[in-house]
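# Remarks on the overall topology
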Amino acid sequence: MESAIALTRFYHPLLTGSYSHHLRSLSLFNSTPIFPKLSSVKYPFATISPARFIVTASSSPLSPSTTVAESQGLEQIKSVPTKPIEGQKTGTSGLRKKVKVFMQENYLANWIQALFNSLPPEDFKNGLLVLGGDGRYFNKEASQIIIKIAAGNGVGKILVGKDGIMSTPAVSAVIRKREANGGFIMSASHNPGGPDYDWGIKISEIKIADIPDVDLSQLGVTKYGNFSVEVVDPVADYLELMENVFDFSLIRSLISRPDFRFTFDAMHAVTGAYAKPIFVDKLGASLESIANGEPLEDFGHGHPDPNLTYAKDLVNILYGENGPDFGAASDGDGDRNMILGRRFFVTPSDSVAIIAANAQDAIPYFQSGPKGLARSMPTSGSLDRVAQKLNLPFYEVPTGWKFFSNLMDAGKLSICGEESFGTGSDHIREKDGIWAVLAWLSILANRNKDKRSGEKLVSVADVVTEHWATYGRNFFSRYDYEECESEGANKMIEYLRDLISKSKAGDKFGSYVLDFADDFTYTDPVDESVASKQGVRVVFSDGSRIIFRLSGTGSAGATVRIYIEQFELDVSKHDMDAQIALKPLIDLALSVSKLKDFTGREKPTVIT
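Since we're looking at a predicted model, the values are computed, not measured.

The rules we used
Residues numbered from 1 in each chain as written. Predicted model: local features only at pLDDT ≥ 70, side-chain atom pairs only at ≥ 80, totals over all residues. Heavy atoms only, no water. Core = buried A, V, L, I, M, F, W, Y, C linked by side-chain atoms within 4.5 Å. Buried < 20%, exposed > 50% of the residue type's maximum accessible area, 1.4 Å probe, protein only. Helix = DSSP H or I, 4+ residues; strand = E, 2+ residues; numbered from the N terminus. Pairing = 2+ DSSP bridges. Contact = heavy atoms within 4.5 Å. Axes fitted to C-alpha atoms, helices over the stretch in contact; angles between N-to-C directions. Arc of directions from axis to C-beta. Salt bridge = Lys/Arg side-chain N within 4 Å of Asp/Glu carboxyl O. Parallel < 35°, antiparallel > 145°, perpendicular 65-115°, else oblique. Nonpolar A, V, L, I, M, F, W, Y, C, P; charged D, E, K, R; others polar. Phe/Tyr/Trp six-rings, centres within 6.5 Å; stacked < 30°, edge-to-face > 60°. Bend = angle between axes of the 7 residues up to and from the residue. Polar contact = N/O pair within 3.5 Å; in protein donor to acceptor, adjacent residues only side chain to side chain. pLDDT = per-residue confidence, 0-100.

## Points about the nonpolar core
Phe279, Phe326, Leu438 and Leu441 are the most contacted members of the largest nonpolar core, which has 78 residues in total. For this core, the leading source of residues is helix α13 (residues 433-447), giving 11 residues. If you look at the next biggest cluster of nonpolar residues, it comprises 36 residues, including Leu108, Phe138, Ile147 and Tyr224.

What follows is the structure, encoded as structure tokens:
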């Protein structure tokens, strides 16, 4: 399994795009406080993006008291000789490798020291940084390394979640509320955990403070001279933010109904630390509503990716006899989500569109309406139609959350999403799994607020089918071929690029007529930076699309992703199974790409 830690830079809105975009998909967390009032502000700077590590979560109640340890002297700073390490190339979400790679001598330390070497000293000297992770294997050890290197490089204070636990959205919330300079997130996102899997964190010498390990199991402050470490409740600041965004009393009115049943699967990942305080303690759900709620270092030998394949247990519950009314899951570090109704799956593309269409009526944070909407290029066009009807600015961006963040920083964007189960808004400018679940509960609660006991409730399926009747349905599917041999995968993409360069409008692809084909290029409207070769698009005259991309979110080989989409306005056809509706396009995609010839793969690893 891989681990990842993110390399982050300070970002100022006046700087050029090359400064903020050379790091791959690192969210820029706002350091301007937004509590208690959620108002539009100008951000003096965003922050260090999170690094990805592993940390163990405690399920015990957090003590409300904070104790301050006796001040201790900061021992001498040791200079540990080291040298560059091959392969420490930052990717979309920081540095992600197998756990055993990170556990090599000085491997993690090299990368963290490189971060401090790359920043102007004034950006972190005597400053405040936040540290948290998803609880996966090796996070505890990584936490101690990061704390000591931060101390050795002159950081003033580290805020770290109890037991090293803090979800990616919560790190963002804490940075903004506490006005921190930035933060590290120890996580490999939705990839599996354990000594054989992934880890991550989104040089000539290493400067490390000679201080004891910090007890991360107890809330409180420990001081070492001018350096201090504060272990904080990982839930408190995030929960306060959610209470400002949503109407908790409205959501509670739904969850507490005897005729409404709710299930949340934390997948033994970081949101297990948030599920009980939010859904049970604050919103009145029963404790039995939380499945796999204890964060575990190896995620209970599961794969914490909330989709129809890896969250199969939850899918079986919702599609089983007398299943609950609403089900949801989140991923390893808490920034992705899956939404289900009884015997009904909501695609991520539809989910963000439906949240956007209902946001102003159901979510107080959007009571004045969203500023703008955006989706990643491979995501279906469902959101486009909402933006058109609501007369809102709309943006189609490459895959990678940094493109959304730039638009949010500029005040152009409120709600956005990716087909890869990421949905978010400018409340933290990061994708946020629990936020998406609360958004859906708000929509259902608003639709059912006048329903009396015994009346049929408006269901998840009702909300979606009504949306389709209004906007039309975008049938959508994604085929993932994981850990393909890189050489063959790259040859396939080069073949497709050559093919589209020779294609023109009007060409026939089976029964489909080509409108245009290209390799998607995006010019950022904020800083005018250009991102090219973002995915091969084949778009037909009826609006159908096939998109081919390579993804590097794993540690071994390449993942080939094929996206297939077809728009249907005819309500009588909206109940068709997506795989049946899309079969002609799927067959065409496999034929045109010669995927089997290039990769040797017969079947996809995951179908979404």
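## Quick look at the sheet that holds strand β17 (residues 373-376)
Sheet architecture is open: 5 strands sit in the order β18-β17-β19-β20-β21, paired in mixed fashion. With partners counted over all chains shown, the strands left at the sheet margins are β18 (394-397) and β21 (430-431), one partner each. Taken strand by strand, helix α10 (residues 348-362) contacts β17, β19 (415-418) and β20 (422-425), and its axis lies near 170° from that of β19.

## A look at helix α9 (residues 312-319)
In an α-helix there are 3.6 residues to a turn, and that puts residues three or four apart on one side. Regarding α9, the residues found buried are Leu314, Val315 and Leu318. The arc enclosing the buried residues of α9, seen along the axis, measures out at 100°, which places them on a common side.

## So, the pattern of salt bridges
Under the counting rule described, the total for this entry stands at 33 salt bridges. Here Asp507 ties to Lys504 by a salt bridge, and the two come within 3.2 Å at their closest N and O atoms. Of the residues examined, Lys504 reaches a relative accessible area of 55% and is grouped as exposed. Look at the salt bridges and you will find they share partners, linking Arg375, Asp384, Glu396, Asp518, Arg537, Arg545 and Glu565 into a network.

## Topic: the packing of α13 against helix α14 (residues 460-471)
For the pair α13 and α14, interaxial distance at closest approach is 10 Å and the crossing angle is 90°. The orientation of α13 relative to α14 falls into the category roughly perpendicular. Where α13 abuts α14, its residues Trp440, Ile443, Leu444 and Arg447 lie against Val460, Val463, Val464 and Glu466. Here the contact of α13 with α14 is built from residues that sort into 6 nonpolar, no polar and 2 charged.

## A word on unusual backbone geometry
One can expect most non-glycine residues to show negative phi and most peptide bonds to be in trans. At Arg343, a position not held by glycine, the phi torsion is positive, near 55°. Of note in the backbone geometry, Lys594 takes a positive phi value of approximately 50° without being a glycine. For Lys594, the position within the fold is in the loop between α17 (583-593) and α18 (595-599).

## Looking at the sheet that holds strand β28 (residues 545-551)
Sheets are built from strands paired through backbone hydrogen bonds, the pairs being either parallel or antiparallel. Across the sheet, which stays open at both edges, the 7 strands sit in the order β23-β24-β27-β28-β29-β22-β30 with antiparallel pairing between neighbours. Two strands in the sheet have a free side with no partner beyond their single neighbour: β23 (508-509) and β30 (606-607). Relative to strand β24 (residues 512-519), β23 runs antiparallel, the two being bridged by 2 bridges. Residue pairing across strands places Phe509 opposite Tyr512, the latter belonging to β24.

## Description of the pairing of β19
Going residue by residue along β19, you find Ile415 and Gly417 tucked away on one face and Cys416 and Glu418 tucked away on the opposite face as well. Relative to β19, β17 runs parallel, the two sharing 3 bridges. Looking at the pairing, Ala374 lines up with Cys416 of β19. One ladder, built from 4 bridges, connects β19 with β20; its direction is antiparallel. Along β20, the bridge assignment pairs Ile415 with Ser425. Hairpin connection between β19 and β20: a loop of 3 residues separates the two successive antiparallel strands, and Phe421 in this loop has a positive phi of roughly 70°.

## Some words on the packing of aromatic side chains
The geometry of an aromatic ring pair is captured by the separation of the ring centres together with the interplanar angle, meaning the angle of the planes. Summed over all chains, the structure comprises 16 aromatic pairs. On the basis of an interplanar angle of 85° and a centroid distance of 5.7 Å, the ring pair of Tyr238 and Tyr274 is categorised as edge-to-face. With Tyr238 in helix α6 (residues 236-245) and Tyr274 in helix α8 (residues 272-282), this residue pair connects regions lying 36 residues apart in the sequence. Ring plane angle 15° and centroid distance 6.0 Å describe the contact between Phe262 and Phe326, whose orientation is recorded as stacked. In this pair, Phe262 sits in strand β12 (residues 262-265) while Phe326 sits in strand β14 (residues 326-330), placing the two residues 64 residues apart along the sequence. Just as Phe262 is buried, Phe326 falls in that class too.

## Comments concerning α10
In α10, a bend of some 35° at Ala356 exceeds every other bend along the element. Most of α10 sits out of view: 12 of its 15 residues are buried. Buried within α10 are the following residues: Pro348, Ser349, Asp350, Ser351, Val352, Ala353, Ile354, Ile355, Ala356, Asn358, Ala359 and Ala362.

## Some points on the environment of Asp480
Mapped onto the elements of the fold, Asp480 is located in strand β22 (residues 473-484). With a relative accessible area of 2%, Asp480 lands in the buried category. Residues Asp480 and Ile562, spaced 82 residues apart in sequence, show a C-alpha to C-alpha distance of 6.7 Å. In this structure, Asp480 is in contact with Thr559, Val560, Arg561, Pro604, Thr605 and Val606, ignoring residues within four places of it in sequence. A polar side-chain atom of Asp480 sits 2.5 Å from a polar atom in the side chain of Arg561.

## Quick look at the environment of Ala114
As for its placement among the helices and strands, Ala114 is situated in helix α3 (residues 107-118). Spatially, the C-alpha atoms of Ala114 and Pro84 are 9.6 Å apart, while their sequence positions differ by 30 residues.

## Examining the side chain of Thr423
Following the sequence through the fold, Thr423 ends up in strand β20. A polar contact of 3.2 Å, which involves the side chain of Thr423, links it to the side chain of Asn337. Once residues lying within four places of it in the same chain are set aside, the contact partners of Thr423 are Asn337, Val352, Ile355, Trp401, Cys416, Gly417, Lys431, Asp432, Trp435 and Ala436.

## Description of the confidence of the model for the chain
Note: predicted coordinates in regions of low pLDDT should not be interpreted at a detailed level. Averaged over all residues, the pLDDT of the chain equals 83, while 83% of them reach at least 70. Scored below 50 in pLDDT, residues 1-66 makes 321 contacts in the model with residues more than four places away or belonging to other chains. A low-confidence stretch, residues 196-202 stays under pLDDT 50, and its non-local contacts, those more than four residues away or across chains, total 90 contacts.

## Thoughts on the environment of His301
Tracing the chain through its elements places His301 in the loop between β13 (290-291) and α9. Each C-alpha atom, one on His301 and one on Met267, is 9.9 Å from the other, the two residues being 34 residues apart in sequence.

## Observations regarding the packing of helix α5 (residues 168-178) against α6
Following both chains from N to C, one finds α5 and α6 inclined at 85°, their axes separated by 8 Å at the closest point. Judged by the inter-axis angle, α5 sits roughly perpendicular to α6. Where α5 approaches α6, its residues Pro169, Ala170, Ala173, Val174, Lys177 and Arg178 are matched on the opposing element by Asp237, Tyr238, Glu240 and Leu241. Along the lines of polarity and charge, the residues of the contact of α5 with α6 split into 6 nonpolar, no polar and 4 charged.

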